[in-house]
Amino acid sequence: MMKQLLKRGAVALLVLVVLCFLALGWYLHTKKVQRDGTVALSGLSAAVQVTYDERGVPHIQAQNQTDLYRALGYVHAQDRLFQMEMVRRLARGELAEILGPKLVDMDRLFRTLGLRAFASDYVEKMDKNSPSSRALIAYLDGVNQFQASHPAPLEFDLLHIPKRPFTVEDTIAVSGYMAYSFAAAFRTEPALTAIRDKLGADYLKIFDLDWHPQGVVQQPLALASKDWSTLDKIATLSQAGIEELAIPQLEGSNAWVVSGTHTASGKPLLAGDPHIAYSAPAVWYEAQLSAPDFELYGHFQVLNPMALLGHNQQFGWSLTMFQNDDIDLVAEKVNPEHPNQVWVHGQWVEMTTREELIQVKGMAPVKLSLRHSPHGPIITDAFKDNYGDVPIAMWWAFLETDNPVLDAFYELNRADTLTKARQAASKIGAPGLNVVWANAKGDIAWWASAKLVKRPANVNPNFILDGTSADADKTAFYDFADNPHEENPARGFIVSANFQPVSPTGIAIPGYYNLYDRGQRLIQLLGQPGMKWDTKNSQALQLDVKTGYADRVLKPLLPVLNQVIKSPEDGRLLDILTKWDGNYQTNSIAPTLFAQLIYQIAHNTMATRLGEVQFQNLLRTRALDFALPRLLDDPQSVWWGTSSDSHFDARQSMLAGAWNDSMAHLRQTYGNDTTKWQWGLAHTLTHRHPLGQQPPLDKLFNIGPFSVPGGREVPNNLSGPIGPAPWSVAYGPSTRRLIDFADTTKALGINPVGQSGVLFDAHYNDQAKLFAAGEYVNEHTEKTDVASHAREHLVLQPH
């Protein structure tokens, strides 16, 4: 009897397990992307054909542009609805509602930025009948029709996210987040101001700044320790906090264009690889749009129907980040008798106030009272309980200009002539973007596009400004003709790689520019005499992993290390570093030695003086990249301190300690066998999903790790902040595109992971290994080519 009971129990358990697997299979089936068959879609005037190729890229054919954008919204939502939801919630400060109390601080920050209020005001003033507005409205209708007619994505169920229609306000708020993600000011200005006011002028000399001994204000800003603590928190959330959410941030970029005089085909060649933080899914969604009066192969971001990168047979463009400083932080003086007043232009001025409520999962809502001074929103109100007596306002060009960025990209998507492209580029206000463009007729061009603000003379916006003086005033904006640009230059090529550009009228353009070494490397290679460029040798250029920065750092460093290193084994490692040519190859240990050593030098000289939090924020700035070679080249720098060793001077003593600490860390991390210190073992790429932050979900949602070459500020800029080993790549090429306008049907590209954000979809991670290996795929555009690579076909019928 017992055996029969056990047998029946086993059978019942087996049946239960099978039923559970069947239920799970059916559940996951309901989440599947539909790329075949027929679907009814309201609002269409005619059927829309959607052909999916071998990578899951939709090639959409419609009878008019309104139907085209409605269909794009539908298919985009199929693959990326959860990504749309997360970016919307981040921009609007609504993450705590689904992720709980740990995201309250992030929501506080974004509520303080005022993107919700800005988006509402922006939409009120929009011309709803403009071509760009009609395209956006149709696109969002397609997104919302998909959401309303299908089961919610898996992530919605896990996090209990309620469905809510996407709006034009959401798109504008998200564009604000993208602009904010460029903003180095939140990390750099507090750090440099702290160095100036806490440590003194001598400590700023290494930062390559046009610094005045008296600063931007006559006296150091009277910030208390709580004020600095609040600014540190904002800086940390502005970078590291968003990284933890695995939501893409824009970091830098490469783009270049070569005229037909320097190409094998005789036509221009366009190359581009915007550098963006890695995530799963990736930032770009590829689609080909075709209508009788419009054709474009585009790369799209969530909730935006206008391609930010694109090409067709006639023209194409890529983008890099301008890196101009379009944010000023301003310290306000508060009236002690009336705390809602600040001193501006010789009088007390009332600040405006608005109330907002943050919904928090699992706890009571959080109330915010947010103030706005004549200089902008008081960003320290995000953490009002923690700061002292000095509110910090934020002046941001994104909030202060008309900024018709939707119109700009609508026009750029159709800019087949130099005049049209220039006109479109001129409409970009913020964030600042470099538009690198070419057409099949032979024109090449670049425009540094932004509304450049005029500041009072001698004001240095690298520091927090004094709101009581005219230094914080913004007098006007420059004309677009003052912006850096080139059209058909005699040298025959243009490179844009985030280095400081030059205005044709000589105006100074403050900014947080990247090291010039990456751009210099590209210019050096592109300028080789007699070289004829094509899509094959251009791949080698995009994948190049050499930098001259290493030589600039090592030139003053190696002689000192040779004096202080005594052990034979350390001498052998130093010899490897001495012979290194600056190539970040996976089989080399020299990049590992170099990356660990520059971090240790920075840490040992700066962390104690700045404090660990401020030091960590400085690591995420570009100012430190510029500072290190200057520090090493100055044996008298105050950063070295004093030596406790009678045999060595202060610099020698500090560098000996940094070397020893570096070697100890590498041995502790990888062992004594230095063959295990290879760059490819220490430097890896993992594409993280917002739900992949904790085990075991990381094994399910994240993609990687992959051993990868490249490094900080090389052309193949697979990189992250300066830090200790191991190094997890945080950002890099978000795609690699190559278009020869002699035959655009052979255009090349790659997605870092795949087209779809739907877990278990065939295109969730089908390009990840190819990307890590530096491979390229064809971007199909010609009808017969699309047909020959078709895998599925979806018909959207009028409903």
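Residues numbered from 1 in each chain as written. Predicted model: local features only at pLDDT ≥ 70, side-chain atom pairs only at ≥ 80, totals over all residues. Heavy atoms only, no water.

J.: Tell me what's going on with the environment of Glu85, and back it up with residues and numbers.
T.: On the secondary structure map, Glu85 appears in helix H2 (residues 65-92). Assessed through its relative accessible area of 0%, Glu85 is described here as buried. For the pair formed by Glu85 and Arg164, sequence separation is 79 residues and the distance between their alpha carbons is 9.1 Å. For Glu85, the residues in contact, after removing those within four places along its chain, are Phe156, Ile161, Arg164 and Phe166. (Helix = DSSP H or I, 4+ residues; strand = E, 2+ residues; numbered from the N terminus. Buried < 20%, exposed > 50% of the residue type's maximum accessible area, 1.4 Å probe, protein only. Contact = heavy atoms within 4.5 Å.)

J.: Quick rundown of the sheet that holds strand E9 (residues 315-321)? Include the residues and the values.
T.: In a beta sheet, neighbouring strands pair by backbone hydrogen bonds and run either parallel or antiparallel. Read from one edge to the other, the open sheet built from 11 strands follows the order E1-E31-E2-E3-E6-E7-E8-E9-E17-E18-E22, with strand pairing classed as mixed. Looking at which strands have only one partner, the edges of the open sheet turn out to be strand E1 (37-41) and strand E22 (485-487). Within the sheet, the average angular offset between the axes of one strand and its neighbour, ignoring direction, is 20 degrees. Contacting E1, strand E2 (48-52), strand E3 (58-61), strand E6 (285-291), strand E7 (294-300) and strand E31 (792-798), H2 runs over the sheet at an angle of about 160 degrees to E6. Helix H13 (residues 418-425) rests against strand E17 (433-439), strand E18 (444-449) and E22 of the sheet, and its axis sits at about 15 degrees to E18. (Pairing = 2+ DSSP bridges. Axes fitted to C-alpha atoms, helices over the stretch in contact; angles between N-to-C directions.)

J.: Quick one: what's the story with the packing of aromatic side chains, residue by residue and with numbers?
T.: Each aromatic ring pair is summarised here by two numbers: the centre-to-centre distance and the angle between the ring planes. Taken as a whole and judged by the stated rule, the model has 17 aromatic pairs. Ring plane angle 65 degrees and centroid distance 5.9 Å describe the contact between Tyr278 and Phe771, whose orientation is recorded as edge-to-face. Of this pair, Tyr278 sits in the loop between strand E5 (269-277) and E6 while Phe771 sits in helix H24 (residues 768-772), placing them 493 residues apart in sequence. Taking relative accessible area as the criterion, Tyr278 reaches 8% and is therefore assigned buried. Note on Phe771: relative accessible area 1%, which makes it buried. Pairwise contacts between aromatic rings join Trp580, Tyr584, Phe594, Trp679 and Trp727 into one cluster. For Arg35, the ring lying beneath its charged end belongs to Tyr52, and the centroid distance is 5.5 Å. (Phe/Tyr/Trp six-rings, centres within 6.5 Å; stacked < 30°, edge-to-face > 60°. Lys NZ or Arg CZ within 6 Å of the ring centre and 35° of its normal.)

J.: Kindly report on the packing of helix H18 (residues 590-610) against helix H19 (residues 612-619), identifying the contributing residues and their values.
T.: At a minimum axis distance of 8 Å, the contact between H18 and H19 shows a crossing angle of 140 degrees. With respect to each other, H18 and H19 are oriented oblique. Pair H18 / H19 crosses with right-handed handedness. Seen from H18, the contacting residues are Tyr599, Ala602, His603, Met606, Ala607 and Leu610; seen from H19, they are Glu612, Gln614, Phe615, Leu618 and Leu619. Its residues placed into classes, the contact of H18 with H19 shows eight nonpolar, two polar and one charged. (Parallel < 35°, antiparallel > 145°, perpendicular 65-115°, else oblique. Left-handed = near helix turned anticlockwise from the far one by under 90°. Nonpolar A, V, L, I, M, F, W, Y, C, P; charged D, E, K, R; others polar.)

J.: An account of the nonpolar core is needed here, citing residue identities and associated values.
T.: Counting 138 residues, the largest nonpolar core has Phe409 and Leu796 as the members making the most contacts within it. Here the element with the most residues in this core is H2; it accounts for 14 residues. Apart from residues no more than four positions distant in its own chain, Leu796 is found in contact with Val39, Leu41, Leu44, Ala46, Ala47, Val48, Val50, Ala71 and Tyr74. By size, the runner-up hydrophobic cluster in this structure holds 65 residues, among which are Ile565, Phe594, Ile598 and Ile722. (Core = buried A, V, L, I, M, F, W, Y, C linked by side-chain atoms within 4.5 Å.)

J.: Hey, could you go over the sheet that holds strand E15 (residues 376-377) for me, with residue numbers and the actual values?
T.: Ordered by their spatial adjacency, three strands build an open sheet running E13-E14-E15, and the pairing between neighbours is antiparallel. Both outer strands of the open sheet, strand E13 (352-358) and E15, are each paired with one neighbouring strand and no more. Across the sheet, helix H4 (residues 104-113) lies against E13, strand E14 (366-373) and E15, angled at about 150 degrees from E13, the strand it touches most.

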